[in-house]
Amino acid sequence: FGPSGQDVVLTQARRSSRYGDSMVQTAQAASTPSHEDFASMLEESFHHGNMQEGSVIKGTVVAIEKDLAVIDVGLKTEGRVPLREFAGPGRQNEIKVGDTVEVYLERVENALGEAVLSRDKARREESWGKLERALQNNEKVQGVIFNQVKGGFTVDLDGAVAFLPRSQVDIRPVRNLDKLIGEKFKFKVIKFNKKRGNIVLSRRVLLEKEREELKKE
């Protein structure tokens, strides 16, 4: 005798049940991350944790668009930095695709979904650190005089801007002050206040010290 209608219905129900269980297991497997996926997510989370606003981070230049450098800072996050921020007094803009650069992270994401980055602020932070160490260790610093202001000059210390009083330029009065613009010299930091953004330099102190040493010889 062939199977009854009830047997056929039960068989189909069992098949449907097994199929449904199989589908659930497949869906669970698909939603459960593998060891490699977990490791990848963990690493991504680690890098994201290092992306703190107000800190200096590393990024890679992935494109140059007109006057902007597109920088990838990880987590599929990119930001654009004006090329002029990679140049300055005494240094040319030589940035190219593939370069690793340090940038200051102002915001992880703006309204356009891009990171807000600054090369100027990153260089300034780095320069302030160097200046603090130079002051503590009584070391010389090097900078470029790039402008004449009331009472003296402004000096670019690779990102940080310092003031050089006219009386501290040389041992003797300098007649042609314009010739100093664009020149690179070594200086001594005589005043330093990071909170106020105040740096005062002296070149005269170093020249006087050199003269005293020559007299001793």
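So, how was this worked out
- Residues numbered from 1 in each chain as written.
- Predicted model: local features only at pLDDT ≥ 70, side-chain atom pairs only at ≥ 80, totals over all residues.
- Heavy atoms only, no water.
- Helix = DSSP H or I, 4+ residues; strand = E, 2+ residues; numbered from the N terminus.
- Buried < 20%, exposed > 50% of the residue type's maximum accessible area, 1.4 Å probe, protein only.
- Contact = heavy atoms within 4.5 Å.
- Areas by Shrake-Rupley, 256 points an atom, 1.4 Å probe, with all protein chains shown as cover.
- Salt bridge = Lys/Arg side-chain N within 4 Å of Asp/Glu carboxyl O.
- Phe/Tyr/Trp six-rings, centres within 6.5 Å; stacked < 30°, edge-to-face > 60°.
- Expected span 1.5 Å × (residues − 1).
- Polar contact = N/O pair within 3.5 Å; in protein donor to acceptor, adjacent residues only side chain to side chain.
- Pairing = 2+ DSSP bridges.
- Axes fitted to C-alpha atoms, helices over the stretch in contact; angles between N-to-C directions.
- pLDDT = per-residue confidence, 0-100.

Trainee: So what about the overall build of the protein chain? Which residues, and what values?
Mentor: Broken down by element type, the protein chain carries 4 helices and 10 strands. When the helices and strands of the protein chain are read in sequence order from the N terminus, they spell out α-α-β-β-β-β-β-α-β-β-β-β-β-α. Among the 217 residues that make up the protein chain, the fraction classed as buried is 29%. Of the contacts made within the protein chain by residues no fewer than 6 positions apart, 54% connect residues no fewer than 24 positions apart. Element-wise, carbon and sulfur atoms account for 49% of the exposed surface of the protein chain, whose accessible area totals about 15,000 Å².

Trainee: Please set out the pattern of salt bridges residue by residue, giving values where relevant.
Mentor: Considering all chains together, one arrives at 10 salt bridges under this definition. Ionic pairing is found between Lys-121 and Glu-106, a salt bridge with its closest N-O pair at 3.2 Å. Here Lys-121 is found in helix H3 (residues 119-136), whereas its partner Glu-106 is found in strand S4 (residues 100-107), with 15 residues between them in sequence. Linking Arg-204 and Glu-208 is a salt bridge whose minimum nitrogen-to-oxygen distance equals 3.0 Å. Of this pair, Arg-204 and Glu-208 both sit in helix H4 (residues 204-216), 4 residues apart, which is roughly one turn of the helix.

Trainee: Quick one: what's the story with the packing of aromatic side chains, residue by residue and with numbers?
Mentor: Between two aromatic rings, the relevant description is the distance of the centres plus the angle of the planes. All told, the structure shown has 2 aromatic pairs when counted by the stated rule. Note on Trp-128 and Phe-192: the rings are 5.0 Å apart at their centroids and 65 degrees apart in plane angle, and the pair reads as edge-to-face. On the criterion of sequence distance, the pair formed by Trp-128 in helix H3 and Phe-192 in strand S9 (residues 184-193) is long-range, its members being 64 residues apart. Aromatic pair Phe-185 and Phe-187: ring centres 6.3 Å apart, planes at 75 degrees, arrangement edge-to-face.

Trainee: Provide a residue-level description of unusual backbone geometry, including the pertinent values.
Mentor: Unusually for a residue other than glycine, Lys-66 sits at a positive phi of about 55 degrees. With respect to the helices and strands, the residue Lys-66 is situated in the loop between strand S1 (55-65) and strand S2 (68-72). One non-glycine residue, Asn-138, lies in positive phi territory at about 55 degrees. Relative to the elements of secondary structure, Asn-138 occurs in the loop between H3 and strand S6 (141-149). Relative accessible area serves as the criterion here: at 53%, Asn-138 is assigned to the exposed category.

Trainee: Quick one: what's the story with the environment of Asn-198, residue by residue and with numbers?
Mentor: Within the element layout of this structure, Asn-198 appears in strand S10 (residues 198-202). Residues Asn-198 and Val-161, 37 residues apart in the sequence, show an inter-C-alpha distance of 8.6 Å. Those residues in contact with Asn-198 that lie beyond four places of it in its chain are Trp-128, Lys-191, Phe-192 and Asn-193.

Trainee: Just give me the short version of H3, but keep the residues and values in it.
Mentor: With 18 residues, H3 extends 26 Å between its outermost C-alpha atoms, agreeing within 8% with the 26 Å of an ideal straight helix rising 1.5 Å per residue. Within H3 the residues assigned to the buried category are Arg-119, Ala-122, Arg-123, Ser-127, Trp-128, Gly-129, Leu-131 and Ala-134. Sitting at the amino-terminal end of H3 is Ser-118, which places a side-chain oxygen 3.4 Å from the backbone nitrogen of Asp-120. Immediately downstream of H3, the backbone of Asn-138 shows phi near 55 degrees, a positive value.

Trainee: Explain the sheet that holds strand S5 (residues 116-118) to me, and be specific about the residues and the numbers.
Mentor: Here 5 strands make up an open sheet; going across it, the order is S3-S2-S1-S4-S5 and the pairing antiparallel. Single-partner strands in this sheet number two, and they are strand S3 (78-82) and S5. For this sheet, the mean inter-axis angle between neighbouring strands, taken without regard to orientation, is 50 degrees. With 6 bridges joining them, S1 and S4 adopt antiparallel strand pairing. Counted as the bridge partner of Lys-58 is Glu-102 from S4. The strands that H3 touches are S1, S3, S4 and S5; relative to S4, the one it contacts most, it runs at about 105 degrees.

Trainee: An account of the confidence of the model for the protein chain is requested, with residue identities and associated values reported.
Mentor: Per-residue confidence for the protein chain gives a mean pLDDT of 79; residues scoring 70 or more make up 74%. Confidence drops under pLDDT 50 across residues 26-30; counting only partners more than four residues distant or on other chains, this segment forms 0 contacts. Across residues 41-49 the pLDDT falls below 50, and counting only partners more than four positions away or on other chains, this stretch makes 3 contacts in the model.

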